[in-house]
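# A structural walkthrough
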Amino acid sequence: MTVDVLYFAWVRERIGLPKEKVETDAPTVAVLVEELKAREDRYAAAFADLSALRVAVDQELTDFDAPLDGVREVAFFPPMTGG
Amino acid sequence: MTVDVLYFAWVRERIGLPKEKVETDAPTVAVLVEELKAREDRYAAAFADLSALRVAVDQELTDFDAPLDGVREVAFFPPMTGG
Amino acid sequence: MAVRVQSDSFDPGAELTAFAHGRRDAGAVVTFSGLVRDTAARDLEAMEIEHYPAMTERAIAGIEAEAVARWSLTDSLVIHRHGRLAPGEIIMMVATAAPHRADAFAAAEFLMDYLKSRAPFWKKEITRAGESWVAAKDEDEQALDRWRDGA
Amino acid sequence: MAVRVQSDSFDPGAELTAFAHGRRDAGAVVTFSGLVRDTAARDLEAMEIEHYPAMTERAIAGIEAEAVARWSLTDSLVIHRHGRLAPGEIIMMVATAAPHRADAFAAAEFLMDYLKSRAPFWKKEITRAGESWVAAKDEDEQALDRWRDGA
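Now for a description of the structure that goes with this document. (Residues numbered from 1 in each chain as written. Chains lettered and ligands numbered in written order. Predicted model: local features only at pLDDT ≥ 70, side-chain atom pairs only at ≥ 80, totals over all residues. Heavy atoms only, no water.)

Moving on: the overall build of chain C. Across its full length, chain C carries four helices and eight strands. Helices (α) and strands (β) of chain C occur, in sequence order from the N terminus, as β-α-β-β-α-β-β-β-α-β-β-α. Against the 2.2 N^0.38 benchmark of 15 Å for 151 residues, chain C shows a C-alpha radius of gyration of 16 Å, consistent with a compact globule. Structurally, chain C occupies a C-alpha span of about 50 × 35 × 30 Å along its principal axes. Relative to its 151 residues, chain C shows a buried fraction of 58%. Accessible area for chain C stands at about 6000 Å²; split by element, carbon and sulfur atoms hold 47% of it. Each charge sign in chain C was given a centre, from 18 positive and 25 negative side chains, and these centres are 2 Å apart. (Helix = DSSP H or I, 4+ residues; strand = E, 2+ residues; numbered from the N terminus. Rg over C-alpha atoms; globule rule 2.2 N^0.38 Å. Buried < 20%, exposed > 50% of the residue type's maximum accessible area, 1.4 Å probe, protein only. Areas by Shrake-Rupley, 256 points an atom, 1.4 Å probe, with all protein chains shown as cover. Lys, Arg positive; Asp, Glu negative; His and termini not counted. Charge placed at Lys NZ, Arg CZ, Asp CG, Glu CD.)

Structure representation (structure tokens):
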């Protein structure tokens, strides 16, 4: 399946783009992360410490165990600093 | 000595005036209250339940044991309802 | 730090605009505005607020000084009206400015709790059914307890 | 209940005036305004706020709905800006209206705590010395704990 993958803040800067389409059969976010890390060093660097990252699936905050079945959009970003 | 005695809210309404000069040698607020209660029924009614009253001496909140020596102004009123 | 006690109305929004203007040192501004609330029976005609002029400003300034001593505040403001007010009218306002939001919130709540029970104001409700003095609430007195051991 | 996410500036005072206007049912209105605070070195040139447009309004509306469910609120408002802001500029604002002050204060603090850590915004400080993303604070995450067991 094809998933829109979005990056924000320093994750976006480290990977070097805000958004890309990714072809994947990963069953969970965690497996998708492993596929991305295997691509290039900049991905490996961005995802080196998952405890420093948050993930949203279809615009809902979730965790790295979340299933990807039927999902259209996955976003990775650092802890939020609103307010 | 002569003391200005002020009344606020329902204490003022019950006694029927906002302010009066009182000649007293009472050593404390509590003794002054006893002198006032002995004057007339409206004073006795206003001061019947001291737990429902507050007192300020020279514009500072205090309690009924406060001494009156050198005091210029004593005010009696119900618990405050500001804000 | 400022205190204003007045019978004239005021616009809490205009006060907030002025209070927040040009602050580079305070990330957080909290305001509380108290409005005349209608009775449950929706028959309030007016609220009359009596105060003790010789004591009021000094009592409020004392409460403000304690807030400034307890929290890291950049500024604070208290405005309180007296006289006859219609339902929906502004009664009073508190504003606090601080580098951090926890201080701004805590100081505003502290000011409100002390103004409720320690500033010399008394409210009377005038309804079609008659007049009655607003009774002090036990919960307002209890609200002061939380500030007694350092917040 | 209203949510606005925008790059345009706004006047928190004008918002408070409009929010408080004509309320006979709410005695208490609380606002929080967040301003761009200068750095300790006083060299901040700008703050840039990035957000996740598809998610932002929905996330904030969800937080607001939870506040309305938990406290007795008459109304609430959240405005949050994104883009490039100068020191002293308004970043965001929360307003709550309630019959009683405890509800208005608690709901405003709850909204702030959740917006800080759960709304998809990221702040970057641009100083003469360079750029850096603002790190999330442990204390902001801990602030959420107090709402977990019923306030």
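There's more to say after this.
Moving on, we come to the sheet that holds strand β3 (residues 54-57) of chain A. Residue and element names in this part refer to chain A. Judged by pairing direction, the sheet is mixed, and its five strands sit side by side in the order β2-β1-β5-β3-β4 without closing on themselves. Here the strands that pair on one side only, and so sit at the sheet edges, are β2 (19-23) and β4 (60-62). Within this sheet the neighbouring strands show an average axis-to-axis angle of 30 degrees, counted without direction. Sheet analysis places β3 next to β4, joined by three bridges and oriented antiparallel. (Pairing = 2+ DSSP bridges. Axes fitted to C-alpha atoms, helices over the stretch in contact; angles between N-to-C directions.)

A word on the arrangement of the chains. With three pairs of chains in contact overall, the contact-richest pair is chains C and D. With no contact between them, chain A and chain B keep their nearest C-alpha atoms 28 Å apart. Contact between chain B and chain D is absent, and the minimum C-alpha spacing across the pair is 10 Å. (Contact = heavy atoms within 4.5 Å.)

The subject of this paragraph is helix α1 (residues 12-20) of chain D. Residue and element names in this part refer to chain D. Those residues of α1 not exposed but buried are P12, G13, E15, L16, F19 and A20. Looking down the long axis of α1, one finds its buried residues gathered within 160 degrees of arc, a one-sided arrangement. Measuring from the backbone nitrogen of G13 back to the side-chain oxygen at the start of α1 gives 2.8 Å, which picks out D11 as the cap. Where α1 ends, the next residue or the one after it, G22, has phi of about 70 degrees, a positive value. (Arc of directions from axis to C-beta. Polar contact = N/O pair within 3.5 Å; in protein donor to acceptor, adjacent residues only side chain to side chain.)

Looking now at the packing of helix α3 (residues 101-118) of chain C against helix α3 (residues 101-118) of chain D. It is at 12 Å that the axes of α3(C) and α3(D) come closest, and there the two elements cross at 180 degrees. If you check the angle between α3(C) and α3(D), you find them roughly antiparallel. Every residue of α3(D) that contacts α3(C) at R101(C), F105(C), A108(C), E109(C), M112(C), D113(C) and K116(C) is listed here: R101(D), F105(D), A108(D), E109(D), M112(D), D113(D) and K116(D). Among the residues making up the contact of α3(C) with α3(D), the classes are represented as six nonpolar, no polar and eight charged. (Parallel < 35°, antiparallel > 145°, perpendicular 65-115°, else oblique. Nonpolar A, V, L, I, M, F, W, Y, C, P; charged D, E, K, R; others polar.)

Residues and elements named next belong to chain C. Relative to strand β8 (residues 130-133), strand β7 (residues 121-127) runs antiparallel, the two sharing four bridges. When the bridges of β8 are listed, E125 appears paired with S132. Connecting the antiparallel pair β7 and β8 is a turn made up of two residues.

A few words on the relation of the copies chain C and chain D. With an RMSD of 0.0 Å, chain C superimposes on chain D once it is rotated by 180 degrees and translated 0.0 Å along the axis. Such a combination of turn and shift is consistent with a two-fold rotation axis. By C-alpha distance to the rotation axis, the residue of chain C lying nearest is G13(C), at 1.9 Å. When the interface residues of chain C are mapped onto chain D, 100% of them again fall at the interface, so both copies present the same face. (Least-squares fit on C-alpha atoms with pLDDT ≥ 70 in both.)

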